[in-house]
Amino acid sequence: MKQIRVLDNKGQEYLYPVEQPVAEVSIGRSKSNDIILSSKTVSRRHAIIKIMGDRILLVNQSANGVVVNGERIDRVQEMELGQFATIDIYRFCVEEQASARPPSRTPSRSNGRSQRRVERSSRLGGGSGRTNRSRATEAMPAASRSGAAGQMTAERSQPRARDNDSPLGGHADLDSYLGDIAPDEDYKEPRINLAGEEAQVFDRQKRRALVEFKAMLHDELKERLDLHSFEITDYRTPRTVRQVSERLKQLLEIHAHEIPPPFTRDDVFKELMDEVCGLGPIEDLIKHRKVSEIMVVDRDHIYAELDGNIVLTDRFFNDEKSMMTVIERIVIPRGRRIDESNPLVDTRLADGSRVNAVIPPLALKDPCLTIRKFPEDRLGVGDLVNFESLTPEMAKFLGRAVRARKNIIISGGTGSGKTTLLNVLSSFIGQTERVVTIEDAAELQLQQDHVVSLETKPPNVEGKGEVSIRDLVKNALRMRPDRIVVGECRGGEALDMLQAMNTGHEGSMTTVHSNSPREAIARLETLVLMSGMELPTRAIRQQIANSVDVIVQQSRFSDGSRRVSYITEVIGINDDGYVELEDIYRYKQTHVDENKKVHGYHMATGYLPSFLNQFLVQGLADEEDFF
């Protein structure tokens, strides 16, 4: 195990154990850093030490710089074990931890809040690759500071002995050296049915015989029912379903002896009914309650998220034509079009499920289809608590933040549950407030009565008539809303949303795609620049800091579970011109068990939000509450 040694000019030494082989340790003046240096010439976030096994990188993040070997580094410097770097009056290095060395104690000059954090971090222990927080204080005379770099000595660690001189460390070949992470070229993904069990899949020749038989029956249905005269929107009408069902049963009676084995009459009837009056092989997937997402890669590969796990299903499309038929049945009733001149489209099903379709020439093999299903039963905050997505205390805090009209950004990756969480948080909005929702494809389900729902409009065949999210945000400001809820900011509308949050529409909410609260800020900066307004970076950051109160990070873990991983307050702009954040809650992953299930727990960081007094004044909390 490694440790970071920090020395000041008076010979005081502080040791910070690094409990993980891969870790990232921040150094600076701000209390949010892992190692806190209190000198005024140290930047709030001065540098980062990245430890990756035996490799050490020092990343400078300050205009004041870091000195290594007497030379100032501007960005990144690779370090060796025992090699010292200098920040103002402090010297530090990464070294192997000596078992005989007693652990250093946190200096007594730490203030109360910082001391409480250190104690809390020490009790919780390691596991996330971060070190315990402490503070190194003391001043160093200028003369001593100027000679600090020259006094550095490199304490080299001895190289580890290898089993032999081979780079494979005694392993017979590369695959055995890589172990479980070696690519398995012989792996064949199993086909899973809707019961979650491995399904029997017939060989290509038998499936081709079935496809040809169904094509023959389909042609006869077209002749007898004149299906060409049907509108594409008529395929689900009771009259169409009844006529097709009656005729198909007659045809199967006539051609029963031609059904290719091992398929039965019921198999053929079900598949043809789905193809003629439904959405083909994905019809059952859309109806199944435990399927939350459907991903069609090509005619032979239809994936689904079943009970939180992505599996390859036992379903197939007949050919590209049948795939295009299903896509058109989804797209055209919603007033959208898809063809070679417009080969991708976003839309939704009648139940609100979100749909994305891409066809050739953009899709190189077959048309691709992705459906994010809309849950039949609207989830509430109690459901998220039962799923362990967040704790009751976190739910209560977020509910208070919504009631106190805090502007909230929900950040997360694709499929992490951002929209679901946005729906849940909207349930805390007062029943008498006027809310305007704006989306690309309507997914939000606000339960209040005074809700105006707006949806974007794509351009027509001539390329005219488009109404974007940005247009709707600007228009919403004229509709006298108490709050504006945007399903997702993904372009220049972010600037209009921030301005709305900062001009009398407190309590507004939206989502962005990013992997952490810090990245959410950077993402908002990028989106504002996409508006076409040539604003200086500091002005953009100031606008974000003035507009956004809370960032809620939603994450999807390797086992398919979705959890709130951070609840973070946006404090303001620091002296270096960066947006300053403070975590209020965070999720700490501890391990993954033999069933690949992720384990961990939510924890309060001990930081009290700056708007706590607003909770007290509005009667949303009392003095005994610490969240």
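Residues numbered from 1 in each chain as written. Predicted model: local features only at pLDDT ≥ 70, side-chain atom pairs only at ≥ 80, totals over all residues. Heavy atoms only, no water.

**Concerning the overall build of the protein chain**
Here comes step 1: Each helix and strand in the protein chain was counted, giving 16 helices and 28 strands.
Here comes step 2: Within the protein chain, the fraction of its 627 residues that count as buried is 48%.
Here comes step 3: Restricting to contacts in the protein chain with at least 6 residues of sequence separation, those with at least 24 account for 56%.
Here comes step 4: Only carbon and sulfur atoms are counted for the fraction: they give 48% of the accessible area of the protein chain, which is about 31,800 Å². (Helix = DSSP H or I, 4+ residues; strand = E, 2+ residues; numbered from the N terminus. Buried < 20%, exposed > 50% of the residue type's maximum accessible area, 1.4 Å probe, protein only. Contact = heavy atoms within 4.5 Å. Areas by Shrake-Rupley, 256 points an atom, 1.4 Å probe, with all protein chains shown as cover.)

**Here's the deal with the pattern of salt bridges**
Here comes step 1: Counted by the stated rule, this structure contains 32 salt bridges.
Here comes step 2: Residue Asp-583 is joined to Arg-586 by a salt bridge in which the shortest nitrogen-to-oxygen separation is 2.9 Å.
Here comes step 3: One salt-bridge network, held together by shared partners, links Lys-270, Asp-274, Asp-284, Asp-314 and Arg-315. (Salt bridge = Lys/Arg side-chain N within 4 Å of Asp/Glu carboxyl O.)

**What about helix α12 (residues 469-476)?**
Here comes step 1: Buried within α12 are the following residues: Ile-469, Arg-470, Leu-472, Val-473 and Ala-476. Angularly, the buried residues of α12 cover 160° about the axis, an arc narrow enough to put them on a single face. (Arc of directions from axis to C-beta.)

**Here we look at the packing of helix α4 (residues 204-225) against helix α5 (residues 238-254)**
For any two helices packed against each other, one specifies the crossing angle of their axes together with the interaxial distance.
Here comes step 1: Contact pair α4 / α5: the axes reach a minimum separation of 10 Å and the direction vectors enclose 125°. On the basis of their axis angle, the class for α4 and α5 is oblique. Considering how the two elements wind past one another, α4 and α5 form a crossing that is right-handed. Counting all contacts with α4, which are made through Phe-213, Leu-217, Glu-220, Leu-221, Arg-224 and Leu-225, the residues of α5 involved are Gln-243, Val-244, Arg-247, Leu-248, Gln-250, Leu-251, Leu-252 and Ile-254.
Here comes step 2: Residues that form the contact of α4 with α5 fall into these classes: nine nonpolar, two polar and three charged. (Axes fitted to C-alpha atoms, helices over the stretch in contact; angles between N-to-C directions. Parallel < 35°, antiparallel > 145°, perpendicular 65-115°, else oblique. Left-handed = near helix turned anticlockwise from the far one by under 90°. Nonpolar A, V, L, I, M, F, W, Y, C, P; charged D, E, K, R; others polar.)

**Quick look at the packing of α5 against helix α6 (residues 265-277)**
Here comes step 1: Taken N-terminus to C-terminus, the directions of α5 and α6 make an angle of 145°; their axes are 10 Å apart at the nearest point. Considering only the axes of α5 and α6, their crossing is right-handed. Counting all contacts with α5, which are made through Thr-240, Val-241, Val-244, Ser-245, Leu-248, Lys-249, Leu-252 and Glu-253, the residues of α6 involved are Arg-265, Val-268, Phe-269, Leu-272, Met-273, Val-276 and Cys-277.
Here comes step 2: Per-class residue counts for the contact of α5 with α6 are ten nonpolar, two polar and three charged.

**Let's talk about the sheet that holds strand β13 (residues 191-192)**
Here comes step 1: Strand order across the open sheet formed by seven strands is β13-β16-β15-β14-β19-β18-β17, with mixed pairing between neighbours. Of all strands in the sheet, those with a lone pairing partner are β13 and β17 (344-348), marking the two edges.
Here comes step 2: Sheet analysis places β17 next to strand β18 (residues 354-358), joined by five bridges and oriented antiparallel. Across the sheet, Asp-346 pairs through a bridge with Asn-356, a residue of β18. (Pairing = 2+ DSSP bridges.)

**A word on the packing of aromatic side chains**
Here comes step 1: Scanning all chains against the criterion turns up six aromatic pairs.
Here comes step 2: On the basis of an interplanar angle of 75° and a centroid distance of 5.1 Å, the ring pair of Phe-202 and Phe-263 is categorised as edge-to-face. With a gap of 61 residues between them, Phe-202 in the loop between β13 and α4 and Phe-263 in the loop between α5 and α6 connect regions that are remote in the sequence.
Here comes step 3: Its relative accessible area of 26% is what places Phe-202 among the partly exposed residues.
Here comes step 4: Of the residues examined, Phe-263 reaches a relative accessible area of 13% and is grouped as buried.
Here comes step 5: Ring centres of Phe-557 and Tyr-587 lie 5.3 Å apart, and the angle between their planes is 65°; on these two criteria the pair is classed as edge-to-face. Of this pair, Phe-557 sits in the loop between β25 (550-556) and β26 (562-573) while Tyr-587 sits in strand β27 (residues 579-592); the two residues are 30 residues apart in sequence, bridging distant segments of the chain.
Here comes step 6: Phe-557 sits in the buried class, given a relative accessible area of 14%.
Here comes step 7: Classification of Tyr-587 by relative accessible area gives buried; the value is 10%.
Here comes step 8: Through a chain of ring-to-ring contacts, three or more aromatic side chains come together here, namely Phe-397, Tyr-585, Phe-611 and Phe-615. (Phe/Tyr/Trp six-rings, centres within 6.5 Å; stacked < 30°, edge-to-face > 60°.)

**Considerations on the side chain of Arg-329**
Here comes step 1: Tracing the chain through its elements places Arg-329 in helix α8 (residues 320-331).
Here comes step 2: Only 2.6 Å separates the side chain of Arg-329 from the backbone oxygen of Gly-278, close enough to count as a polar contact. (Polar contact = N/O pair within 3.5 Å; in protein donor to acceptor, adjacent residues only side chain to side chain.)

**Topic: helix α14 (residues 517-529)**
Here comes step 1: With 13 residues, α14 extends 19 Å from end C-alpha to end C-alpha; this agrees with the ideal 18 Å at 1.5 Å per step.
Here comes step 2: Where α14 is concerned, the buried positions are Pro-517, Ala-520, Ile-521, Leu-524, Glu-525, Leu-527 and Val-528. On an axial view of α14, the arc spanned by its buried residues comes to 165°, and they lie on one face. (Expected span 1.5 Å × (residues − 1).)

**Brief notes about the sheet that holds strand β7 (residues 66-68)**
Here comes step 1: The strand order across the open sheet formed by six strands is β2-β1-β11-β10-β7-β8, and the pairing between neighbours is antiparallel. In the strand order of this sheet, the two ends are held by β2 (13-18) and β8 (71-73), each with one partner. On average, each strand axis in the sheet is tilted by 30° relative to the strand beside it, whichever way the strands run.
Here comes step 2: As paired elements, strand β10 (residues 85-87) and strand β11 (residues 90-96) share three bridges and run antiparallel to each other. Note on β11: the bridge partner recorded for Thr-86 is Arg-91.

**Topic: the environment of Thr-419**
Here comes step 1: Looking at where Thr-419 falls in the secondary structure, it is placed in helix α11 (residues 418-426).
Here comes step 2: Residues Thr-419 and Glu-488, spaced 69 residues apart in sequence, show a C-alpha to C-alpha distance of 8.4 Å.
Here comes step 3: Filtering out sequence-adjacent residues up to four positions away, Thr-419 remains in contact with Arg-354, Glu-443 and Leu-444.

**Digging into unusual backbone geometry**
Here comes step 1: In the segment running from Pro-261 into Pro-262, the intervening peptide bond is cis, with an omega of 5°.
Here comes step 2: With an omega of 10°, the peptide bond running from Pro-360 to Pro-361 counts as cis.
Here comes step 3: In this structure, Pro-361 sits in the loop between β18 and β19 (368-372).
Here comes step 4: Positioned with a positive phi, Glu-388 is a non-glycine residue whose angle comes to about 65°.
Here comes step 5: Positionally, Glu-388 belongs in the loop between α9 (381-386) and α10 (392-403).
Here comes step 6: A positive phi angle is found at Arg-480, which is not glycine, with a value near 55°.

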